[in-house]
Amino acid sequence: MSTKLEQAVHALKEQIDAPVASFLSSCVHCGMCAQACLFHTETGDPKYTPILKVEPLRRVWQQEYTFWGRMKKMFGLAKPITDEFLAEWEELVYDSCTMCGRCSMVCPVGNDITYMIRKTREGMAVSGHVPDGLVGATTRAVTIGSPMGVKFVALEAQIRHVEKDYGYKVPVDVEGADYLCMLSSMEIMNFPEYIGAIAKIFDHADVSWTLSSKAFEATNSGIQIGVSDIAAELVQRIVSEAERLKVKCVISPECGHAYTAIRWEGPNLAGKKFGFKVRHILEVLDELRQEGRLKTEGMKDNRLTYHDPCQIGRRGGVLEQPRNLINMVASDFVEMPDAGKMNWCCGAGGGVSTNERADEIRLKSFQRKKEQLEAVQAETLVSACSNCRIHIEDGLEAYHMDIPVISLTETLAEHLVDKE
Amino acid sequence: MTELEFLSWVRGPGFQIATVIFVFGIIVRLLEIFLLGRKANLAEANGSEMSGGMRAIFSRMAPESDTMKRSMFTIVAGYIFHIGLFIVIFLFAPHILFFSDVIGFSWGALPTPVVDMTSVITMITLAAVLLHRIKDPVMKYLTKTQDYLVWLVTFLPLLTGYLAFHRVGLPAPSLLALHILSVELLMVLFPFTKLMHAFTFVLSRWYNGAISGYKGVRS
Ligand code: SF4
Ligand code: SF4
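Residues numbered from 1 in each chain as written. Chains lettered and ligands numbered in written order. Predicted model: local features only at pLDDT ≥ 70, side-chain atom pairs only at ≥ 80, totals over all residues. Heavy atoms only, no water.

Colleague: Any chance you could explain the overall build of chain B here in plain terms?
Modeller: Each helix and strand counted, chain B has 11 helices and 0 strands in total. Taken from the N to the C terminus, the helices and strands of chain B come in the order α-α-α-α-α-α-α-α-α-α-α. Across its three principal directions, the C-alpha atoms of chain B cover 70 × 35 × 35 Å. When each of the 219 residues of chain B is scored for burial, the buried share is 41%. (Helix = DSSP H or I, 4+ residues; strand = E, 2+ residues; numbered from the N terminus. Buried < 20%, exposed > 50% of the residue type's maximum accessible area, 1.4 Å probe, protein only.)

Colleague: Is there a simple way to explain helix 17 (residues 281-290) of chain A in this structure?
Modeller: Because each turn of an α-helix spans 3.6 residues, side chains separated by three or four positions end up pointing in the same direction. Most of helix 17 of chain A is tucked away, with 7 of its 10 residues classed as buried. Listing the buried residues of helix 17 of chain A in full gives I281, L282, E283, V284, L285, D286 and L288 of chain A.

Colleague: How should the site of ligand 2 be read in this particular structure?
Modeller: Around ligand 2 sit 13 residues, and of these C27, C30, G31, C33 and C107 of chain A come closest. Of the residues that constitute the shell around ligand 2, the class distribution is 10 nonpolar, 3 polar and no charged. (Near = heavy atom within 4 Å. Nonpolar A, V, L, I, M, F, W, Y, C, P; charged D, E, K, R; others polar.)

Colleague: Looking at this model, I keep getting lost on a nonpolar patch on the surface. Mind explaining?
Modeller: On the surface, a cluster of nonpolar side chains totalling about 570 Å² of accessible area is made up of M1, W9, I17, L170, L178 and L181 of chain B. Structurally, L178 of chain B can be placed in helix 10 (residues 172-189). (Patch = residues over 30% accessible without salt bridge, like charges linked within 9 Å, V, L, I, M, F, W, Y side chains within 5 Å. Areas by Shrake-Rupley, 256 points an atom, 1.4 Å probe, with all protein chains shown as cover. Salt bridge = Lys/Arg side-chain N within 4 Å of Asp/Glu carboxyl O.)

Colleague: Help me out: how do you make sense of the packing of helix 5 (residues 55-65) of chain A against helix 7 (residues 83-95) of chain A in this one?
Modeller: Any two packed helices are characterised by how steeply their axes cross, that is the angle between the axes, and by the distance between the axes. All names here are of chain A. Interhelical geometry of helix 5 versus helix 7 gives an angle of 140° and a closest axis separation of 10 Å. On the basis of their axis angle, the class for helix 5 and helix 7 is oblique. On helix 7, the residues touching E55, P56 and R59 of helix 5 are F85, L86 and W89. Here the residues of the contact of helix 5 with helix 7 sort into 4 nonpolar, no polar and 2 charged. (Axes fitted to C-alpha atoms, helices over the stretch in contact; angles between N-to-C directions. Parallel < 35°, antiparallel > 145°, perpendicular 65-115°, else oblique. Contact = heavy atoms within 4.5 Å.)

Colleague: How should unusual backbone geometry be read in this particular structure?
Modeller: With the exception of glycine, most residues fall at negative phi, and the peptide bonds are largely trans. All names here are of chain A. Even without being a glycine, K246 presents a positive backbone phi close to 50°. Position of K246 relative to the elements: it lies in the loop between helix 15 (228-244) and strand 3 (249-252). Unlike most non-glycine residues, Q377 shows phi in positive territory, near 50°. Position of Q377 among the secondary structure elements: in the loop between helix 20 (367-376) and strand 7 (380-383).

Colleague: It is not clear to me how the confidence of the model for chain B should be interpreted in this structure. Could you clarify?
Modeller: Reading predicted coordinates in detail is not appropriate for stretches of low pLDDT. Per-residue pLDDT for chain B averages 96, and the proportion of residues at 70 or more is 100%. In the model output, the complex is listed with pTM 0.96 alongside ipTM 0.96. (pLDDT = per-residue confidence, 0-100.)

Colleague: Looking at this structure, how should I read the pairing of strand 3 of chain A?
Modeller: Along any regular strand, the residues point their side chains to alternate faces of the sheet. All names here are of chain A. By the alternation rule, side chains of strand 3 split into C249 and I251 and V250 and S252, which are all buried. Where strand 1 (residues 179-181) meets strand 3, 3 bridges bridge the pair, whose relative direction is parallel. Counterpart to Y179 in the pairing with strand 3 is C249. One ladder, built from 4 bridges, connects strand 3 with strand 4 (residues 277-280); its direction is parallel. Across the sheet, the residue bridging to V250 is V278, located in strand 4. (Pairing = 2+ DSSP bridges.)

Colleague: Please clarify how the packing of helix 7 of chain A against helix 9 (residues 113-127) of chain A should be interpreted in this entry.
Modeller: All names here are of chain A. Remark: helix 7 packs on helix 9, axes separated minimally by 10 Å, with the N-to-C direction vectors making an angle of 135°. Classed by the angle they form, the pair helix 7 and helix 9 counts as oblique. As helix 7 runs across helix 9, the sense of the crossing is left-handed. Contacts between helix 7 and helix 9 involve L86, W89, E90, V93 and Y94 on the former and, on the latter, I117, T120, R121, M124, A125 and S127. (Left-handed = near helix turned anticlockwise from the far one by under 90°.)

Colleague: Got a minute to help me understand the sheet that holds strand 3 of chain A in this structure?
Modeller: Strand pairs in the sheet, formed through backbone hydrogen bonds, run parallel or antiparallel to each other. Residues and elements named next belong to chain A. The 4 strands lie next to each other as 2-1-3-4, forming an open sheet whose pairing is parallel. Whereas interior strands pair on both sides, the edge strands pair on one side only; in this sheet they are strand 2 (209-210) and strand 4. Where helix 17 meets the sheet, its contacts fall on strand 1, strand 3 and strand 4, and the angle it forms with strand 4 comes to roughly 90°.

Colleague: Just checking my understanding: could you explain the interface of chain B and chain A for this structure?
Modeller: How big an interface is tends to be expressed through the accessible area that disappears when the partners come together. Between chain B and chain A, the residue contacts involve 47 residues of the former and 62 residues of the latter. Here chain B and chain A share an interface that buries about 4,600 Å² over both sides, 58% of which is from carbon and sulfur atoms. Applying the counting criterion to the chain B and chain A interface returns 5 salt bridges. Here E44 of chain B ties to R279 of chain A by a salt bridge, and the two come within 3.2 Å at their closest N and O atoms. Where chain B meets chain A, there are 25 residue pairs in polar contact (both at pLDDT 80 or more). Within the residue set of the side of chain B that touches chain A, elements represented by two or more residues are helix 2 (13-34), helix 4 (65-70), helix 5 (72-90), helix 8 (137-142) and helix 11 (197-214) of chain B. If you tally residues by element for the side of chain B that touches chain A, the top one is helix 11 of chain B, at 10 residues. (Buried area = accessible area lost by both parts, 1.4 Å probe. Polar contact = N/O pair within 3.5 Å; in protein donor to acceptor, adjacent residues only side chain to side chain.)

Colleague: Would you explain the domain arrangement of chain A in this entry?
Modeller: All names here are of chain A. Examined at the domain level, chain A breaks down into domain 1 (4-130), domain 2 (141-290) and domain 3 (304-414). In this structure, domain 2 and domain 3 have C-alpha centres spaced 22 Å apart. Tallying the contact residues gives 26 residues for domain 2 and 29 residues for domain 3. Roughly 2,300 Å² is buried in total at the junction of domain 2 and domain 3, and carbon and sulfur atoms are behind 66% of that figure. (Domains from an automatic or database assignment.)

Colleague: Even after reading the chapter, I still don't get the pattern of salt bridges, so can you show me in this structure?
Modeller: Proximity of charged atoms lets side chains of opposite charge pair with each other. All names here are of chain A. Applying the stated criterion across every chain, the model contains 39 salt bridges over all chains. Between R244 and D173 there is a salt bridge, and its shortest N-O distance comes to 3.5 Å. Here R244, found in helix 15, pairs with D173, found in the loop between helix 11 (152-166) and strand 1; they are 71 residues apart in sequence, far enough to count as distant. A relative accessible area of 28% places D173 in the partly exposed class.

Colleague: Got a minute to help me understand the packing of aromatic side chains in this structure?
Modeller: The description of an aromatic ring pair rests on the distance of the ring centres and on the angle between the ring planes. One pass over the full model with this rule turns up 21 aromatic pairs over all chains. On the numbers, 5.6 Å between centres and 65° between planes, the contact of F98 of chain B with F99 of chain B is edge-to-face. For F98 of chain B, a relative accessible area of 38% corresponds to the partly exposed category. Relative accessible area serves as the criterion here: at 21%, F99 of chain B is assigned to the partly exposed category. An angle of 25° between the planes, with centres 6.0 Å apart, marks the rings of F99 of chain B and W107 of chain B as stacked. The class for W107 of chain B is partly exposed, based on a relative accessible area of 29%. Here the guanidinium or amino end of R389 of chain A rests over the ring plane of F191 of chain A, the centre of that ring lying 3.7 Å away. (Phe/Tyr/Trp six-rings, centres within 6.5 Å; stacked < 30°, edge-to-face > 60°. Lys NZ or Arg CZ within 6 Å of the ring centre and 35° of its normal.)

Here it is in structure tokens:
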């Protein structure tokens, strides 16, 4: 066994805990998880059955942590974990899984398969069998500070534009602000309107906030690729800035995986409880709404529906807030079938969008979203994740559908009444 | 070995061996899981692990509507044969007699013809489940030898029990002995196969519900 392979097996072994062991002991091979996964439902290919994606983790568990498996290994009867085997699994673990968590909701014995896929990636990354696109993004995140290679100067330029266009100040590095607002590179480069929207809303509601010049990127490629050390380093940058600026709360932007990264994995990666809160922008906005600090006027009257980004809804717990907010500004809000915690993934999360090799299957799996949209004949799609948004726009174009995709935060900003 | 000697072996030493493997095997398997432990979650909670976990143990019995549509056969057949097995194992008068000998108390049985019919329905359902496993592309792809083995050792006690009850083919003591032997086979294989899910599903559902519940999601 080569050292790299040994290390990969070791890394997988390290990932196994009581939940994993109970999940793997419980699987009855019923195949129901396949029916929950868009990569299977839209391709019909059984190899995309979710539980099969964790096969590397399962083999290690069986051979290392079960009596029977250890016996088999001793007598040379266990299926070996080889480099070729891991190479073959690369596509299943990365290209055809967005870690959307839908499979984990339907397994009759209760397996959280997504939890295990996340762990399987830790071993895959060590083995070196990872998509180039993700390696590039991760390298840029570590060296430059953004998976898309966006430097602060680029953000600064966008800030100047936004300040000019919107007429609101965008505070940077303000010590003692209540909120530290994080962004995703995708917002900075593709949707700077988000920054304008935040500036407008926070001015409207008198919220004290700031951006940081040292840590503005909220996404975490370390998690997507499955290298906890890198993920921890990226989280630590945000923690240090939040502590330096003495903020009370860090706001995760309109990005699903960024929320999971900083809200749910963050403290566990950093190895300590945070001294500040972490909230998604939708949570912050809904709090402002409850406090009566958001005054809106006018309603969108075309048929509008909401796409729940997986990491914000099903894996994040932010399900009611977007609905409360939409109802403030839309009079014909309709829910797609399976909306909410059972919503279908757009098909691009979990590193799939950074992995060009997965483009074909990403667009193929978009059929699921297409059908959901058609079922309610949506005229506008609102969401809260710029990654979902870019991919959905891409998918709609590929399927010749003409539905504008808008950001919830931006929509809300548009409907705010002017301050006296 | 005569027919009666065979019967007394499966009833005596045979059963003892199977019970020891069954009980110790299950304890070892559960320890293998629990001893691994899990790390404390340092993220600020948005809900309760305990209530999320407890809820999931029960809520997974009722699949949500899209799953119901997509996996109708698996769900309905699964329900039938699990309930069927429960009735046949625990609500058949001679079985209750046997259990009460071991654990010291008994409970009411269902009328024998009902149990008899249930066993036939269960066998037919299991046959359909097997066919589905062979035919359905996903099931076929997922299936390993163990799945067939587990199917067989679940089916055999039903079949031998049915034959013994109706005295088909062989003299009664032999039929009974075969029935008991098939149950022992099931017991021996239980801890080493996916049959363990009969116990571990509670843990899995709890963990799943707890992980989600912590984040304020009902899974
Ligand atoms: S997490 Fe989502 S994409 Fe991944 S296997 Fe499960 S259902 Fe499929
Ligand atoms: S749904 Fe659960 S039990 Fe069924 S095959 Fe998938 S992981 Fe296994």
